[in-house]
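# A look at the structure
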Amino acid sequence: MTAHTDSLLPSEGTTAEPRLINGPKQLLAASVGNAVEWFDWYIYSILAIYFSTQFFPADADSSLVPLLGTMAVFAVGFFARPLGGLLIGYLADRFGRKRILVLTVLGMGVGSLMIAFSPTYAQIGVFAPLILVIARLLQGLSAGGEYAASSAFLVESAPTGKRGFYSSFFYISATAANLLAIGIAALLTNLLPADDMRSWGWRVPFVIGAVAALIALWVRSHAAETLHEDQLASAAHARGDAERIRLFSFLRHHPKSVFFVFGMTASSAIVFYIWTGFLPTYANIAVGFDVKQGLTASLISLTWFLLLQPVMGALSDRFGRKPFLIAFGVFFTVATVPLLGALNDSFLSFLAVQLLGLTFIAAATSIVQAVFSELFPRKMRSAGIGFPYAVSVALFGGTAPYVATWMASQGNIGAFAWYVAGISLVSLIIMCFVPETHKKELD
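Parameters at a glance
Within every chain, residues take consecutive numbers counted from 1 along the sequence as written. Only residues with pLDDT of at least 70 get local features here, since the model is predicted, and only at 80 or more are side-chain atom pairs given and counted; chain-wide, interface and lining totals rely on the full set of residues. Processing note: side-chain calculations cover all non-hydrogen atoms of the structure and skip hydrogens and water entirely. Salt bridge, as used here, is a side-chain nitrogen of Lys or Arg placed within 4 Å of a carboxyl oxygen of Asp or Glu. Under the scheme used here, helices are H or I runs from DSSP no shorter than 4 residues and strands are E runs no shorter than 2 residues, and both carry numbers assigned from the N terminus. Here's how the labels work: a residue is buried when its accessible area is under 20% of the maximum for its type, exposed when over 50%, partly exposed in between, all with a 1.4 Å probe on protein chains only. Between the first and last residue of a helix there are one fewer steps than residues, each counted as 1.5 Å, and that sum is the expected span. Pairing of aromatic rings covers Phe, Tyr and Trp, the last through its six-membered ring, and needs centres within 6.5 Å; plane angles under 30 degrees mean stacked, over 60 mean edge-to-face, and all others mean tilted. Whether a charge lies above a ring is judged from NZ of Lys or CZ of Arg, which has to be within 6 Å of the ring centre and within 35 degrees of the ring normal.

### Brief notes about the pattern of salt bridges
Scanning all chains against the criterion turns up nine salt bridges. The salt bridge partner of Glu156 is Arg381, with a shortest N-O separation of 2.9 Å. Of the two residues, Glu156 sits in helix α5 (residues 127-156) while Arg381 sits in helix α16 (residues 381-397), which places them 225 residues apart along the sequence. Taking the relative accessible area as the measure of exposure, Glu156 reaches 5% and is therefore buried. On the accessibility criterion, Arg381 (0% relative accessible area) is buried. Because the salt bridges share partners, they merge into one network encompassing Asp93, Arg97, Glu156, Arg378 and Arg381.

### Some words on α16
Between its first and last C-alpha, α16 extends 22 Å over 17 residues, near the 24 Å set by a 1.5 Å rise per residue. Of all 17 residues in α16, 14 are buried; the element is thus mostly enclosed.

### Things to note about the packing of aromatic side chains
For the coordinates displayed, the defined rule picks out 27 aromatic pairs. On the numbers, 6.2 Å between centres and 35° between planes, the contact of Phe248 with Phe250 is tilted. The class for Phe248 is partly exposed, based on a relative accessible area of 38%. Under the relative-accessibility criterion, Phe250 is labelled buried at 2%. For the pair Phe272 and Phe305, a centre-to-centre distance of 6.2 Å together with 45° between the ring planes defines the contact as tilted. Linking Phe272 in helix α11 (residues 255-287) with Phe305 in helix α12 (residues 291-319), this pair joins segments that are 33 residues apart in sequence. A relative accessible area of 0% means that Phe305 is categorised as buried. Over the ring of Tyr44 we find Arg136, and its NZ or CZ is 4.3 Å from the ring centre.

This is the structure:
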């Protein structure tokens, strides 16, 4: 097999050479596409406070009504991710990772383009939020499939003893995308008056994301397949067998692994989306913190977070995965309430809270792709990871901004910290039972 093999079903009797799938080209293909996916995803939550009134009419009784509507649509995108994780993950297990990764980045780009050029509520009424919902559903499907296929692709591309290090590139690229999204948002908000940001400035990053998707398509088309040709041929043969792999085979054969993925994801998803995207808005709602300062602080904090990923990933290859998972779980069970309670309207307060939280989030994000991949056999890996992960993210991560905003509208924003701490405790208990997998051989 060459690095330019495109066929979905190669002929039997051929075998992929592992040396062709271990290297910078694989990391680049995964990282560039993943960065585009998550840039489009993050920019929505970062700029929601500016474009919410473009899609939802203001309410005389509460200025939070448009933002609540926009955050509800944000959650809708998350609830499309389980379907993407299931269907696209299944296709990645059946036909290979490469073609599916091209498909996911294309879907995300189209969704971003729809948002960029959508008319406003003042122009077309209820059809404006409807277009927004459709675009977010498409992006949700793509994001769910991206996580499923990209996780398997990265770990299967890793040389022996470096799966944790390779796994870290998922969040290296995701964090780089978040930094780019924040940087562009910070630049626009400093260059443009607030009225211009609300009227048209927010559209610019979505156009950038759509254009970047075209570049990612080209890069991924030159990647090597990690589901080897002989395995693809066997999968094709299995399709005529009564015991062939079906849509929910991973659930039937590996229910414990599915439960582990779901449980570990619950806390990591909710704290990740709060600390990396929603924290400036949360601080603004809770203590009147300036969102512009929050964007600047986030650039510093996320740069630190990005640098931690490969370090912790490599350390997990040497010392194991569980010490990092347990440290993460203990910290957010104990520290969430005092951390969020320590926020005030000062820049240094916000920066300290974000830096400390992201340090411990990195302990989990740097290795979860490796942990999840090591729990499943290759023929069920993408769907086995993608579906339970996406369900958990939808239930806990996707709803977090909405829950926090709703609690604020009820005058009880402090209760949100206890909600996060409770979920972290449950995940910690589950993490204690996850087997150590860093020395396990992939099939």
